[in-house]
Amino acid sequence: MALVPYEEGAGWGARQLHSPSATYRFAGRTIRLQQDWRRLGVAAVVWDAAVVLCAYLEIGGIDLRDRSAIELGAGTGLLGIVATLLGARVTITDRAAALEFLESNVQANLPSELRPRAVVKELTWGKDLGNFPPGAFDFVLGADIVYLEETFAELLQTLEHLCSEQTVILLSCRIRYERDHKFLKMLRGRFSVYEVYYDSSKDVHIYKAQRGSRKDDF
């Protein structure tokens, strides 16, 4: 969501961040994404949390066929592209400044017959909610969107608006700072939250959240 540079730490993957493109293989297809760190910062590079959540969706036994999903803070669009390839109808969102870049990646990586199933749309958390029907999605997806404390209240408000009792939230993130734990505490105040996967090689956690207290499989 944020369009500002983010410091991952000394010496971290500078070549990866500043590379003009990144290539992955999911759902039987090669996905080639453009990156643009200099112009859009964190919104325009692929982060490990997106890759881990894509792999989880692909091999985790989650049936996305003909389900409705919305991705928050989509950035390069990798997660939304993969969810579409796996059969979902996906609304892929980010702030206005990132939309042209996001749209170009989505269009370049979906076959023509699937493009109508992926809609790129502006969403600034807490501000554009009237443009999205409340509780209308089966899944809400987010990868590495928990890091700016000043956005936590708006992110939580957005999740509450988008979710029905049946909606499943899947958030993939690296826990970097104490403030990240603060958001999880805020989330647990409104949803039942469980860690469903941890990738130790990338230090990425995947959390499932739903309204109510059920611990259903899905």
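The residue numbering used here restarts from 1 in each chain and proceeds along that chain's sequence as written. It should be noted that, the model being predicted, local features are given only for residues of pLDDT at least 70 and side-chain atom pairs only at 80 or more, the latter also being counted only at that level, while totals for whole chains, interfaces and linings use all residues. Side-chain metrics rest on all non-hydrogen atoms present in the structure, leaving aside hydrogens and water.

Colleague: Please clarify how the sheet that holds strand 7 (residues 168-173) should be interpreted in this entry.
Modeller: Pairing between strands is defined by DSSP: at least two bridges between the two strands are required. Every helix listed is a DSSP run of H or I at least four residues long, and every strand listed is a run of E at least two residues long, numbered separately from the N terminus. The strand order across the open sheet built from seven strands is 5-4-3-6-7-9-8, with neighbouring strands paired in mixed fashion. Looking at the sheet topology across the chains shown, the edges are occupied by strand 5 (118-122) and strand 8 (192-199). Averaged over neighbouring strand pairs, the angle between their axes works out to 20 degrees when direction is ignored. Strand direction decides the pairing type here: strand 4 (residues 89-94) and strand 5, joined by five bridges, are parallel. Pairing of T93 across the sheet is with K121, part of strand 5. Set on the sheet, helix 4 (residues 78-85) makes contact with strand 3 (68-72), strand 4, strand 5 and strand 6 (139-143); between it and strand 4 the angle comes to about 175 degrees. Between the N-to-C directions of two axes lies an angle of 0 to 180 degrees, each axis being a line fitted to C-alpha atoms and, for a helix, fitted only over the stretch in contact. Whether two residues touch is decided by their heavy atoms; if any such pair falls within 4.5 Å, the residues are in contact.

Colleague: I would appreciate a short explanation of the confidence of the model for the protein in the present structure.
Modeller: When pLDDT drops low, the exact placement of atoms in the prediction is not to be read closely. Chain-level pLDDT for the protein is 87 on average; 84% of the residues reach the 70-or-more range. Per-residue confidence from the predictor is reported as pLDDT, a score between 0 and 100. In the predicted structure, residues 214-218 sits below a pLDDT of 50 and forms twelve contacts with residues beyond four places in sequence or in another chain.

Colleague: Can you help me understand helix 5 (residues 99-109) in this one?
Modeller: Think of an α-helix as 3.6 residues a turn; residues three or four steps apart then line up on the same face. Taken residue by residue, helix 5 has L99, F101, L102, N105, V106 and N109 as its buried positions. Angularly, the buried residues of helix 5 cover 165 degrees about the axis, an arc narrow enough to put them on a single face. Pointing more than 90 degrees away from the buried face of helix 5 are the exposed residues E100 and A108. Whether a residue is buried, partly exposed or exposed follows from its accessible area with a 1.4 Å probe, protein chains only, as a fraction of its type maximum: under 20%, in between, or over 50%, in that order. Note that the arc is computed from the directions linking the helix axis to the C-beta atoms.

Colleague: Please explain the packing of aromatic side chains as it appears in this structure.
Modeller: The geometry of an aromatic ring pair comes down to the distance between the two centres and the angle between the two planes. Put simply, two rings from Phe, Tyr or Trp (the six-membered ring, in Trp's case) pair if the centres are within 6.5 Å, and we call them stacked under 30 degrees between planes, edge-to-face over 60, tilted for the rest. Enumeration over the complete set of coordinates arrives at two aromatic pairs. Seen from their ring centres, Y56 and Y197 are 5.9 Å apart, and the 40 degrees between their planes marks the pair as tilted. Of the two residues, Y56 sits in helix 3 (residues 48-59) while Y197 sits in strand 8, which places them 141 residues apart along the sequence. Overall, the relative accessible area of 15% leaves Y56 in the buried class. Note on geometry: a ring has a charge over it if NZ (lysine) or CZ (arginine) is within 6 Å of the ring centre and within 35 degrees of the ring normal. Its end group placed over the ring of F132, K121 keeps NZ or CZ at 4.5 Å from the ring centre.

Colleague: How should the nonpolar core be read in this particular structure?
Modeller: Across soluble globular proteins, nonpolar side chains show a tendency to be buried alongside one another. L78 and L170 are the most contacted members of the largest nonpolar core, which has 41 residues in total. At eight residues, helix 3 tops the list of elements feeding residues into this core. Grouped together as the second largest cluster of nonpolar side chains are 27 residues, L123, F137, V140 and A209 included. Think of a nonpolar core as a cluster: buried Ala, Val, Leu, Ile, Met, Phe, Trp, Tyr and Cys residues, connected wherever their side-chain atoms sit within 4.5 Å.

Colleague: How should the packing of helix 3 against helix 4 be read in this particular structure?
Modeller: The description of two helices packed together rests on the angle between their axes and the distance between the axes. Packing of helix 3 against helix 4 brings their axes to within 9 Å, and their N-to-C directions diverge by 10 degrees. If you check the angle between helix 3 and helix 4, you find them roughly parallel. On the side of helix 3, the interface is formed by A50, V51, L53, C54 and L57, while helix 4 contributes L78, L79 and V82. Looking at side-chain class alone, the contact of helix 3 with helix 4 contains eight nonpolar, no polar and no charged residues. Reported orientations rely on four angle classes, namely roughly parallel under 35 degrees, roughly antiparallel over 145, roughly perpendicular from 65 to 115, and oblique for the rest. Gly is put with the polar residues, along with every residue not named as nonpolar or charged; the nonpolar set is Ala, Val, Leu, Ile, Met, Phe, Trp, Tyr, Cys and Pro, and the charged set is Asp, Glu, Lys and Arg.

Colleague: How should the pairing of strand 7 be read in this particular structure?
Modeller: Side-chain positions along a regular strand alternate between the two faces of the sheet. Most of strand 7 is tucked away: six of the six residues are buried. Burial along strand 7 is two-sided: V168, L170 and S172 facing one way and I169, L171 and C173 facing the other are all buried. Pairing geometry for strand 6 and strand 7, over five bridges, is parallel. Bridged to G142 within strand 7 is L171. Each parallel crossover has a hand, and for strand 6 linked through helix 6 (residues 152-162) to strand 7 it is right-handed. Where strand 7 and strand 9 (residues 204-210) come together, five bridges link them in antiparallel fashion. Looking across to strand 9, one finds that L171 is bridged to Y207. When the strands point away from the viewer, a crossover counts as right-handed if the route from the first strand across the helix to the second turns clockwise.

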